[in-house]
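Results of the structural survey
In case you want the letters, here they are:
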Amino acid sequence: MAEQRAELGGFGAGTAGTKAPIEPSLWNALPYFVSLPILPLVAYAALHGGWWIAAPFLFFMVPDVFDPVFGMEERNMDPKKTSERQLLWYKLALWMWAVGWPVTLVFSLWQILVIGHLSAWEVFFMAMVLTTVAQPCFIVGHEMVHRRSVLERRIGEFLLASVSYPHYATEHIYVHHALACTPGDSGSAPKGKSFWRYLPVELKSNLVEAWGCERDRLMRCQLPVWHYTNPFWRYFFETAAWYALVYWMGGPWTLLVFIMLCGSVIFSMKAINYVQHYGLRRIRLPNGRFERVHPRHSWNADYKLSNWFFYNNQRHSDHHAAASRRYPLLQHFGENEAPQLPGSYIKMFGLVIFPKLWFRTMDPLVDRWRAHFYPQIDDWSAYDSRASAARPEAFEAIAEILGSAPRLAEWINRAPELIDNLQDREFTDLDLPDGFGPDPEFEKIARRGLARVYWTREFGVAEMKEQIAEVPAQDVRDTVQTARHWSNDKVFQIGVHTMRGNLSPVEAGTALSNIAEASVAAVLSAADEDFTDPRAKGGVTAVVLGDLTSKEAAPGAELDVMFVYDGGPAEYYETLCRRFLEALRGLSHDNLLFAPVPPGREAKPVHSLSDLAERGSAGGLLDLTRARCIFTSGDPDIGRRFNEARREILVHGAARGSLLAELRKVSTGAAEPGLLSIDDMRGGLRDMERAARFLQLTDAAVPDMSAPPAGSVFKTAGRRGFLPVTTVERLVTAETLWRNLRGILRLVADEGFAVETAAPKVRAVIAQACGMDDFEALAAAIRETASRAAADIDALEGMTSNR
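As a starting point, this report considers the structure included with it. What you are looking at is a predicted structure, and each value in this text was computed from that prediction instead of being measured. (Residues numbered from 1 in each chain as written. Predicted model: local features only at pLDDT ≥ 70, side-chain atom pairs only at ≥ 80, totals over all residues. Heavy atoms only, no water.)

This part is about the overall build of the protein. Across its full length, the protein holds 35 helices and four strands. With respect to the principal axes defined by its C-alpha atoms, the protein has extents near 105 × 65 × 55 Å. Residues counted as buried form 54% of the 803 residues belonging to the protein. Once the 84 positive and 94 negative side-chain charges of the protein are each reduced to a mean point, those two points are 3 Å apart. (Helix = DSSP H or I, 4+ residues; strand = E, 2+ residues; numbered from the N terminus. Buried < 20%, exposed > 50% of the residue type's maximum accessible area, 1.4 Å probe, protein only. Lys, Arg positive; Asp, Glu negative; His and termini not counted. Charge placed at Lys NZ, Arg CZ, Asp CG, Glu CD.)

Per the stated rule, a full pass over the model turns up 51 salt bridges. Notably, a salt bridge pairs arginine 447 with glutamate 443, separated by 3.6 Å at the nearest N-O pair. Taken together, the residues arginine 447 and glutamate 443, both in helix 23 (residues 440-458) and four residues apart, mark about one turn of the helix. The buried category is assigned to arginine 447, whose relative accessible area is 11%. Here the salt bridges share partners, and the residues they tie into one network are Asp547, Glu552, Arg626, Glu689, Arg693, Glu735, Arg739 and Arg742. (Salt bridge = Lys/Arg side-chain N within 4 Å of Asp/Glu carboxyl O.)

Here helix 20 (residues 395-404) lies mainly inside the structure; seven of its 10 residues are buried. Restricting attention to buried positions, one finds in helix 20 the residues Phe395, Ala397, Ile398, Ile401, Leu402, Gly403 and Ser404. In this structure, the buried side of helix 20 is in contact with helix 18 (381-384), helix 19 (386-390), helix 21 (406-414), helix 25 (476-499), helix 33 (725-748) and helix 34 (760-769). (Contact = heavy atoms within 4.5 Å.)

On to the environment of valine 471, then. Its place among the elements puts valine 471 in the loop between helix 24 (461-469) and helix 25. Between the alpha carbons of valine 471 and valine 366 there is a distance of 47 Å; along the sequence they are 105 residues apart.

Extensive coverage of strand 2 (residues 561-566) is indicated by the burial of five of its six residues. Relative to strand 2, strand 1 (residues 539-545) is paired through six bridges, and the arrangement is antiparallel. Bridging from a neighbouring strand, glycine 539 pairs with aspartate 566 of strand 2. With two bridges joining them, strand 2 and strand 3 (residues 607-608) adopt parallel strand pairing. Within strand 3, the residue paired with tyrosine 565 across the bridge is serine 608. (Pairing = 2+ DSSP bridges.)

Time to look at the packing of helix 7 (residues 120-133) against helix 13 (residues 252-277). For the pair helix 7 and helix 13, interaxial distance at closest approach is 9 Å and the crossing angle is 35°. Handedness of the crossing formed by helix 7 with helix 13: right-handed. Along its contact with helix 7, which presents Ala127, Leu130 and Thr131, the element helix 13 presents Leu261, Ser264 and Val265. The residue inventory of the contact of helix 7 with helix 13, partitioned by class, reads four nonpolar, two polar and no charged. (Axes fitted to C-alpha atoms, helices over the stretch in contact; angles between N-to-C directions. Left-handed = near helix turned anticlockwise from the far one by under 90°. Nonpolar A, V, L, I, M, F, W, Y, C, P; charged D, E, K, R; others polar.)

Across the sheet, four strands lie side by side as 3-2-1-4; this open sheet has mixed pairing. Two strands in the sheet have a free side with no partner beyond their single neighbour: strand 3 and strand 4 (627-634). Where strand 1 lies against strand 4, seven bridges are found, and the strand directions are antiparallel. Paired with valine 543 across the bridge in strand 4 is cysteine 629.

Geometry of an aromatic ring pair is reported as the spacing of the ring centres plus the angle between the planes. For the coordinates displayed, the defined rule picks out 47 aromatic pairs. The aromatic ring of phenylalanine 290 is capped on one face by arginine 284, whose charged end is 5.0 Å from the ring centroid. (Phe/Tyr/Trp six-rings, centres within 6.5 Å; stacked < 30°, edge-to-face > 60°. Lys NZ or Arg CZ within 6 Å of the ring centre and 35° of its normal.)

This next bit is on unusual backbone geometry. The phi torsion at cysteine 181 lies on the positive side, around 65°, for a residue other than glycine. For cysteine 181, the position within the fold is in the loop between helix 10 (168-179) and helix 11 (195-220). A relative accessible area of 1% means that cysteine 181 is categorised as buried. Of note, lysine 551 is a non-glycine position whose phi angle comes to about 60°, a positive value. With respect to the helices and strands, the residue lysine 551 is situated in the loop between strand 1 and strand 2. When its relative accessible area of 26% is taken as the criterion, lysine 551 is described as partly exposed.

On to the nonpolar core. Within the largest apolar cluster, 140 residues are counted, with the highest numbers of intra-cluster contacts made by Ile401, Trp455, Phe714, Trp738, Leu741 and Ile766. Apart from the residues within four sequence positions on either side, tryptophan 455 is in contact with Glu426, Leu430, Met464, Lys490, Gln493, Ile494, His497, Leu503, Ala511, Asn514 and Ile515. (Core = buried A, V, L, I, M, F, W, Y, C linked by side-chain atoms within 4.5 Å.)

Further remarks concern helix 33. The terminal C-alpha atoms of helix 33, which comprises 24 residues, lie 34 Å apart, in line with the 34 Å expected from a rise of 1.5 Å per residue. Taken across its 24 residues, helix 33 has 17 buried, putting it largely inside the fold. (Expected span 1.5 Å × (residues − 1).)

Here the focus is a negative patch on the surface. Together, Glu458, Glu463, Glu466 and Glu470 line one region of the surface with negative charge. Take glutamate 463: it is sitting in helix 24. (Patch = residues over 30% accessible without salt bridge, like charges linked within 9 Å, V, L, I, M, F, W, Y side chains within 5 Å. Areas by Shrake-Rupley, 256 points an atom, 1.4 Å probe, with all protein chains shown as cover.)

Turning next to the packing of helix 16 (residues 345-352) against helix 17 (residues 355-373). Between helix 16 and helix 17, whose axes approach to 7 Å, the crossing angle comes to 125°. With respect to each other, helix 16 and helix 17 are oriented oblique. In contact with Met348, Leu351 and Val352 of helix 16, helix 17 contributes Pro355, Leu357, Trp358, Thr361 and Met362. (Parallel < 35°, antiparallel > 145°, perpendicular 65-115°, else oblique.)

Turning to its location among the elements, glutamate 152 is positioned in helix 9 (residues 150-161). Owing to a relative accessible area of 6%, glutamate 152 belongs among the buried residues under this scheme. Among all residues touching glutamate 152, those that are not within four sequence positions of it are Trp95, Met144, Arg147 and Arg326.

Further remarks concern the side chain of aspartate 302. In this structure, aspartate 302 sits in the loop between helix 13 and helix 14 (304-309). Classification of aspartate 302 by relative accessible area gives buried; the value is 2%.

Relative to the helices and strands, glutamine 376 resides in the loop between helix 17 and helix 18. Glutamine 376 gets classed as exposed once you look at its relative accessible area, which sits at 55%. Sequence separation of glutamine 376 and proline 295 is 81 residues, and the distance between their C-alpha atoms is 19 Å.

Our next topic: the state of the cysteines. For the structure shown, the criterion picks out zero disulfides. Between cysteine 221, a cysteine without a disulfide, and cysteine 213, which holds the nearest cysteine sulfur, the sulfur-to-sulfur distance is 12 Å. With a relative accessible area of 46%, cysteine 221 lands in the partly exposed category. (Disulfide = S-S within 2.5 Å.)

In structure tokens form, the structure reads like this:
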């Protein structure tokens, strides 16, 4: 105890040293026999039925009712001065339960299923009695599987098998005790996770992890998994024996009843497991390991009567600190050493099933626990995240993402397998480790250079298409799934590179646009192969519009595609394009790059090339200012003919005059310059786009370019002498800042995120992505840049209005 208190860093000595110790004796052991009378009460209820069935229920309620009367037990028995021989009476109380429960269960089932003297309502309530009384069976079984004696462990397994959960003997000892209060332990619920979300994961993980543990043990011994020493053989035959007995007694329908009985007991046990470690975490040490288990890592409720009934099960802290310690030797810890529940485990069970009430009660206690024991930690998100639970080996990377990029954090919590992409050679070869260069600045430049060259030069659309094509796919549905998964993996890698400063958001936009083009082209190609009639004449081209066209994509991009056909029947191409749209809708589902295409949304009209000029609206013409063919079916020359038609429409289209009039209007944006108003403020991104498209359609004469970004339009205007060089530089600088800012916000922040009050790490990432030293400098740069850009655009509008 002194050693434990020293390791706790002086958080108080608790109560152990201030109370007289309990001496092991028959008199002090007698209270632990108090739960045994429930077994004959159950047998008597099964024998006589009627109101006797209420007796076990009432007896089971005794601890909950009388705990306040008996109070707390803060005294301890000294483990160092107590021998095994002195614990004989304590062990006898446990052994009587271990022997009495199977006898009582078999006797009761015999009365219900074989003798059959009980009415239907009596059978129903007796099933509830057995479900209730079986719950301590887990406590006794748990106590016995921790013992060194093989006989005791086997009896514990048999008790657990009576409720269909013998594999708990492996999972609890070798998995839960090793990983308790770490993200890798499914039995330690993180703060904010409800019992109803916890339960299915815990049930599945218990079985999978128990099997994996035994499989690995046999592999280390170079034995096959089905070797006779695999305890799953015992678990199977022990459980099968109980089911065979029930079947023999009552036939097939009773098996279903028995399954429900076992399920109810398991449900109750998992509720208590949920309580025992809820929200408590062992912190990650600098060496990459988690701190060892301390008393502070379990919730305790040291009510005297409840612990007599349930064999000190509520002294859970000391059980984890000394797992082999028998139940009468488990130590009580004061609130300075271990967190205390506001009620007994029975009372807490009543809260567990109501998540809102549970969170309202327990989350403030978890926050107090964290502030008391770990005041140096202000961000617990990595310890509570689903990603850490699924990928505990990647804890450092997950903690970095959760602390720096909330939107990336949302991605990995929703799909933890994304974090595996950070182990790919494609990622690790670019994200070089610290310490490989002569100084940090050299390392930063090298990482950025490698990432920039790879994602904007080497790994282009053609290479991306080849990667997608390497994954086998039988039809368009397979291709959609393949392209979506491939796209998500790449988008996540780019997101992490951008978060770490290896790519600027503008550079990331180029890579993301290439990903979009490759995945869209792959999906359309598959849809084309599934549908196209080789005898059909003519061809069709898919034209992307907007930011995807000008290589300025960001997460949440609108998947805006127009289809243009020529030389074939309209009905055929309209049907084909509907297939294309359906495939793109599937691609956009759960896609990290594209905004979902709503099921009811129609595609942009399918145009024949000859009718394209008759679109007639200024909005349609504006779309064509940034339009690029990314896929053709049939006639390969249709892409060239579309570009010729597009140029003709931009120069001589009927809607050109009305579009120019719209673009010439002075912006009335009233938004104050700031992070969240870069689109709407004066001199912001929308004003930039409006000015660029106006120049594109007039003096800059940029229709020759298929999809010019605003910066390219300004530079072209400067080269032709239409804009002063200084004006071009200011506009390009502003446009780059807005693109970087929008790109990083789309990567690190989700909708409605309060960026200006974000955590310091998030603010630092945003500032770094925009080339600023700190967040305050970025805020000042936004105001100054917006003011200059607004003045330059106003001057530009003045010049053009006089022409």
